[in-house]
Each structure stands twice: as structure tokens, then as C-alpha cells.
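An overview of the molecular structure
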Amino acid sequence: MDININSIHFSADKKLKQLIIAKVNKLTTFHDGLVNADVNLKIDKSDTRENKIAEVKVFVKGGDLFAKKQSKTFEEAVDECLDAMRRQLLKHKEKERKI
């Protein structure tokens, strides 16, 4: 699976990118029709501590799935996104079986 990581208005370090790639690759265990994934990392300009935003868009055969979460750290935001994505993939797989 091809994974694109975009950090908007900052540069993500290599360790963060490797962590994201490893976690996104685990999504293939839930659905075998994954084509590629886009991960966008942003910093919100608000005054709150939870200003790190992660967006994950996964392209699967038959549609696209999207999750967006905001948290204190990028690692935590990505984990929350991938949990939501895992649930979406399982629902998508169930719908494919029913057809």
C-alpha cells in the first residue's frame, strides 16, 4: 500500500513519519482491498493544548474512507484516527459481503 504523509506548515521528523507508516500498514489486516492512504498533519492556531490535527483518507476498492481527529500530540491524534478508520473498514467489509 502506498502511504503519503503531508505535514502542513511544519516539517514532521523522520521518527513520526516512520511511526505513522507502521500504524497505517496495520490497517491491511482489517481489509485487503486497500489501495493507498493520505495522512495530513496540521497545527491549529487555537489557544488550546489540543491543537494537533491528523486527517487520514484511505482509498479502498469501492470508495474512500476519511477520519479526522484533534489531540494534544500527533501520535495520539493518529491513533484516534486509525481506530475510527478500523471501524469504518470493518463496516465497509461487511457491506461488501452482503452484496
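I will try to describe carefully the structure that is included in this document. (Residues numbered from 1 in each chain as written. Predicted model: local features only at pLDDT ≥ 70, side-chain atom pairs only at ≥ 80, totals over all residues. Heavy atoms only, no water.)

Quick notes on unusual backbone geometry
Convention followed: A helix here means a DSSP run of H or I that spans at least four residues, while a strand means a run of E at least two residues long, and both kinds are numbered starting from the N terminus.
The phi angle at His9 is positive, at roughly 65 degrees, despite the residue not being glycine. Of note, His9 is situated in the loop between β1 (2-7) and α1 (14-25).

Details of the pattern of salt bridges
Using the following cut-off: The rule for a salt bridge is simple: a side-chain nitrogen of Lys or Arg has to be within 4 Å of a carboxyl oxygen of Asp or Glu. Summary of the burial criterion: residues with accessible area below 20% of their type's maximum are buried, those above 50% are exposed, and those between are partly exposed, where the area comes from a 1.4 Å probe applied to protein chains only.
Scanning the model with the defined rule gives 4 salt bridges in all. Here Glu55 and Lys42 are joined by a salt bridge, their closest N and O atoms 3.1 Å apart. Separated by 13 residues along the polypeptide, Glu55 in strand β3 (residues 52-60) and Lys42 in strand β2 (residues 34-43) bring together distant segments of the chain. By relative accessible area, Glu55 is classed as buried at 10%. Note on Lys42: relative accessible area 27%, which makes it partly exposed. The salt bridge partner of Glu94 is Arg97, with a shortest N-O separation of 3.3 Å. Here Glu94 and its partner Arg97 are both found in helix α2 (residues 74-98), 3 residues apart, which amounts to about one turn of the helix. By relative accessible area, which is 58% here, Arg97 ends up exposed.

Some words on the sheet that holds strand β4 (residues 63-71)
Rules: Between any two strands, pairing holds if DSSP finds at least two bridges. Axes here refer to lines fitted to C-alpha atoms; in helices the fit is confined to the stretch in contact. Angles between the N-to-C directions go from 0 to 180 degrees. Here, residues are in contact when the closest pair of their heavy atoms is within 4.5 Å.
Ordered by their spatial adjacency, 4 strands build an open sheet running β1-β2-β3-β4, and the pairing between neighbours is mixed. Every interior strand has two partners, whereas the edge strands, β1 and β4, have only one. Each neighbouring strand pair of the sheet contributes to a mean axis angle of 10 degrees, computed without reference to strand direction. Both β3 and β4 contribute to a ladder of 9 bridges, which runs antiparallel. Each bridged residue has a counterpart across the sheet, and for Lys57 the counterpart in β4 is Phe66. Lying on the sheet, α1 is in contact with β1 and β2; it crosses β1 at an angle near 140 degrees. Strands in contact with α2 are β2, β3 and β4; relative to β4, the strand with the most contacts, it is inclined by about 150 degrees.

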